[in-house]
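# Close look at the chain arrangement
Okay, here's what each chain looks like letter by letter:
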Amino acid sequence: KNSLYVTVHLENKCHALCSFVPYGIVTYALAFHFAPLVLQTVQISRIIISLFLWPSMHVPIILSHHLTAMSNWGVRLAPVAVHFFLLTSRVASLSLAQPASRNTRLNKGTFAGPGTRMSTSLFGIRSTLARARDSLFSAERSDADLKSGIALFYDRSSKLWEEVWGEHMHHGYYVPEDRTDHVQAQIDLIDEVLKWAYGAEDLGERSPKRVVDVGCGIGGSSRHIVRKFAGSTAHGITLSPYQANRGNELAKEQGLSDRATFQVADALNMPFDDSSFDLVWSLESGEHMPDKRKFVSELMRVAAPGGRLIIVTWCHRDLEPGESSLSKKEEKILAKINRAYYLPKWCSVADYVDLLEKEGAADIKREDWSYIIAPFWKAVINSSLNLKSLIGLLKSGFSTMRGAYAMLLMLRGFNTGVIKFGLITCTKPVESELSP
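About the criteria used
Residues numbered from 1 in each chain as written. Predicted model: local features only at pLDDT ≥ 70, side-chain atom pairs only at ≥ 80, totals over all residues. Heavy atoms only, no water. Salt bridge = Lys/Arg side-chain N within 4 Å of Asp/Glu carboxyl O. Buried < 20%, exposed > 50% of the residue type's maximum accessible area, 1.4 Å probe, protein only. Helix = DSSP H or I, 4+ residues; strand = E, 2+ residues; numbered from the N terminus. Expected span 1.5 Å × (residues − 1). Pairing = 2+ DSSP bridges. Axes fitted to C-alpha atoms, helices over the stretch in contact; angles between N-to-C directions. Parallel < 35°, antiparallel > 145°, perpendicular 65-115°, else oblique. Left-handed = near helix turned anticlockwise from the far one by under 90°. Contact = heavy atoms within 4.5 Å. Nonpolar A, V, L, I, M, F, W, Y, C, P; charged D, E, K, R; others polar.

### Digging into the pattern of salt bridges
For side chains of opposite charge, pairing can occur when their charged atoms come near one another. In total, this model carries 16 salt bridges according to the counting rule given. Across the pair Arg317 and Glu323 runs a salt bridge whose closest N-O atoms are separated by 2.8 Å. Arg317 sits in the buried class, given a relative accessible area of 13%. Residue class for Glu323 comes out partly exposed when judged on its relative accessible area of 31%. Here the residues in one salt-bridge network are Glu162, Arg246, Glu249 and Glu253, joined through shared partners.

Given below as structure tokens:
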């Protein structure tokens, strides 16, 4: 019946590392095979993504031509059915455990010897079901899971991002909105944010000399800033060892190793003395912070008196008068994104302003640049629609695949207005300004 068999391997039980040749063929086969049969191509995309979200171990998945007989409701239910089938396949595949050697000790949840099977808990069936449930219902992660998950996510995805988009891991400045020089758009975003925060005139003596890049990625912003401001130095921190190492490698290659350095550190407990920096820069990292109050407090702590804070971050929309929360539909979109990108609950730009006011920040200014970066996610999605990017995605593992799926949700969130691209800047008062 022209059934299609797909074999996928599990890596570390939950991160899929696919054999990219057959998987690439499968992806294109699905795209071209079902497109003429189903009018709702968006639903087909969800089916394809479902294959990425629920990989199984050497278990054949049968998708037949009977989709031609599906009604409109049938098409909508298809992704749910695929999710369920893949989930049951995954659980079944975990039961196909290999026996241990004769010398394996008999401990709780281990093999006793040849032909003896593991306990249910060690099989990972319960934990797999729990992860499946949490993923399906977009359950909120613990702080510990967020911290380890963020590091792993960026360890796995940063190389692919650099290969496709270069050293800057953030949105671009799309003015005009139809520009296609995406890498330059990312560089322009840094310059335009600095111009917005400091003013359009030449900074001169006011230019920053000591910069901390909180959530530095592979260091693109830091290296650009030290090139922009003569005599300046930058210290970048990230939870990802890969990113820190790569940032230092690029700094050395570009002759900036004496001015830009990168290390693994927690933004909620930065390894810097009080009042160390005259520019505290956070470009699209605040959304990862589970404790926004602590995050803002740390930014203010390391800022020197008279120094400037610049926070550029994804936020949800400000609540309207009389609203106590977002709508359930809006919360559902954000919860799915959180699950993919290892994000905690979101806050609004107004929430950041309130936190900064409580910390005693001065000259607070905010702005919404959602319309300026709006074309970015479409450009990212389009950049992935080629064989090279697809192969890189499959080789990057499960978390990166899920992140790719979440790009569609980000685009939807921006289009519906629930996601905002917020800019906030302020200064840390000098002691004389704090005196009555």
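### Here's the deal with helix H9 (residues 241-253)
For H9, which comprises 13 residues, the first-to-last C-alpha distance of 18 Å matches the rise-based estimate of 18 Å (1.5 Å per residue) to within 8%. Listed in full, the buried residues belonging to H9 are Gln243, Ala244, Arg246, Gly247, Leu250 and Ala251. Two residues or fewer past H9, Gly255 is found with a positive phi of approximately 70°.

### Let's talk about the sheet that holds strand S5 (residues 260-264)
The strand order across the open sheet formed by seven strands is S5-S4-S3-S6-S7-S9-S8, and the pairing between neighbours is mixed. Unpaired on one side and paired on the other, S5 and strand S8 (362-368) mark the two borders of the sheet. Going across the sheet, the axis of each strand differs from the next one's by a mean of 15°, ignoring polarity. Sheet topology note: the strand S3 (residues 210-214)/strand S6 (residues 277-283) ladder contains three bridges and is parallel. Residue Val212 lies in a different strand from S6, and its bridge partner there is Val280.

### Considerations on the environment of Gly149
Along the chain, Gly149 turns up in helix H6 (residues 143-165). Sequence separation between Gly149 and Tyr341 is 192 residues, and the spatial gap between their C-alpha atoms is 8.6 Å.

### Things to note about the packing of helix H10 (residues 292-302) against helix H12 (residues 349-358)
Orientation of H10 relative to H12, taken along the N-to-C sense of each, is 50°, at an axis distance of 10 Å. Here H12 runs oblique to H10, going by the angle between their axes. Taken as a pair, H10 and H12 cross one another with a handedness that is right-handed. Side by side, H10 and H12 meet where Lys292, Arg293, Phe295, Val296 and Met300 of the first sit next to Tyr352, Leu355 and Leu356 of the second. For the contact of H10 with H12, the per-class residue count stands at six nonpolar, no polar and two charged.

### Examining the environment of Leu355
Mapping Leu355 onto the fold places it in helix H12. By relative accessible area, which is 17% here, Leu355 ends up buried. On a C-alpha basis, the gap between Leu355 and Lys292 in space is 8.1 Å, while along the polypeptide they are 63 residues apart.

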